[in-house]
Every structure is written in structure tokens, then in C-alpha cells.
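A structural walkthrough
Spelled out, the chains give:
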Amino acid sequence: SGTCNILSTMTMRQPALLLLLLTTAYSFSFQVASKHQSNAVKPVLSMFYCGFGGDFCGQSTDDDVNAGTTNVILAFVNTSPDGSVFVDKDNYPTDLQAKWQAAGKKVLISVGGQNGNWAYIFATQDSTNNFVNSVKSIIATHGLDGVDIDIESYMVTPRTVANMINQLRGAI
């Protein structure tokens, strides 16, 4: 996607759906944060951490997250043909996640990117359900604060995409 740092301001009144504008006209990314957010308005600096699956945006080997970052986005989960997603367990930054969260940073998992296979996720309603359930499970299993949806291309209607986002938002 070409964008590593996104600075914006958002209200933490309810689950936030934050549109991250990327460098191409066809790229967009959403952050769906968990249901429990504070009511304060504060600046948000989100940064992709690319030490999690070398097939996508590189391979960090240490903590290269800017100290001022408020949201660390782990890029990226992998997509299965049934629409579900899974983490690269061998490269999962468990210790770094604990360090970031102890410092007050939110840690999110990212789905998509330039190699994300949205055709699998949108193939059928069952595959979309598999996607939503697997994201919910990853968030719970790893104690994450939410999910970043990075949709750069898709061959379905915008309504189908919106329905998936609403379903995911309701599940987490």
C-alpha cells in the first residue's frame, strides 16, 4: 500500500471505523477497533509493523515502531480458500505486542494489503462468515485491540463490502 504512518484524529466514543487514505485511488483501509473505547478525543498515529509475515511489506527483526505511535498494525494475516484468515505463528511478535500494550499502544491485526485475497472472503456468505469468525478468534486468542481492513481491490459491490464490515464490527 505504500503508507506506513497515518496521522489522524478520531473520536473514541464507540467502535471506530477509521478510513486510512492510501496513495492510490483504489486503495483503502479501515480500522475496526474494539467496542470498549474511551470518550476522549486524542490524536492517533498508526504504523504498520512488518515483522509479521515476510511475504507482504518486509520483515522487521526488532522493535522499529516509532515511540509516538498509538496504534501498531501487524501486517498481515493470511487468507485461506474458505475465506478464513490465520496468523503466521512462527513470526508472531508476542513479546513486542506485550511491550507495546504495556506502553499504552493499541495493537491491531491487518487483513489484506496488496497480496490479500478478497475473492476468497467474498466468494459466498459462508466464506464471509468464516472470515468474520476467524478475525474474531484471532483478536481474542492474541488479546488484540482490533483489526485493520486493507482492501486494495475487490470484484464485488460496495454494498457487499459494507455488509462484511458491519458484520465484522458487530462480531468484535
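Every chain is numbered on its own, with residues counted from 1 as its sequence reads. Given that the model is predicted, a residue must reach a pLDDT of at least 70 before its local features are reported, and side-chain atom pairs must reach 80 or more before they are shown or counted; all residues, however, enter totals for whole chains, interfaces and linings. Neither water nor hydrogens contribute to the side-chain values; these are computed over all heavy atoms in the structure.

Below, the discussion takes up helix H1 (residues 94–102). What H1 keeps buried is the set Leu-96, Gln-97 and Trp-100. The buried residues of H1 occupy one face: seen down the axis, they fall within an arc of 100°. More than 90 degrees from the buried face of H1, the exposed residues found are Thr-94, Asp-95 and Ala-102. It only takes one pair of heavy atoms within 4.5 Å for two residues to be counted as in contact. Helix numbers and strand numbers start at the N terminus; a helix is a DSSP run of H or I with at least 4 residues, a strand a run of E with at least 2. Next to the buried residues of H1 lie strand S4 (41–49), strand S5 (71–74), strand S8 (106–112) and helix H3 (125–142). Just downstream of H1 lies Gly-104, where phi reads positive at about 90°. Residue exposure (1.4 Å probe, protein chains only): buried if accessible area is under 20% of the type maximum, exposed if over 50%, otherwise partly exposed. The arc refers to the directions leading from the helix axis to the C-beta atoms.

On to the pairing of S8, then. Of all seven residues in S8, six are buried; the element is thus mostly enclosed. Note: S5 against S8, four bridges, orientation parallel. Directly across from Val-72, in S8, lies its bridge partner Val-107. Two strands are said to pair when DSSP picks up at least two bridges between them. In this sheet, strand S9 (residues 146–151) lies alongside S8 in parallel orientation, the contact comprising five bridges. Opposite Ser-110, over in S9, you have Asp-148 as the bridge partner.

What we call a nonpolar core is a set of buried Ala, Val, Leu, Ile, Met, Phe, Trp, Tyr and Cys residues that are connected through their side-chain atoms within 4.5 Å. In this structure, Leu-74, Val-111, Trp-118, Phe-131, Val-147 and Ile-149 are the most contacted members of the largest nonpolar core, which totals 31 residues. Put simply, the parts of the chain that give this core at least two residues each are S4, S5, H1, S8, helix H2 (118–121), H3, S9 and helix H4 (158–171). Considering every element that reaches this core, the biggest residue donor is H3, with five residues.

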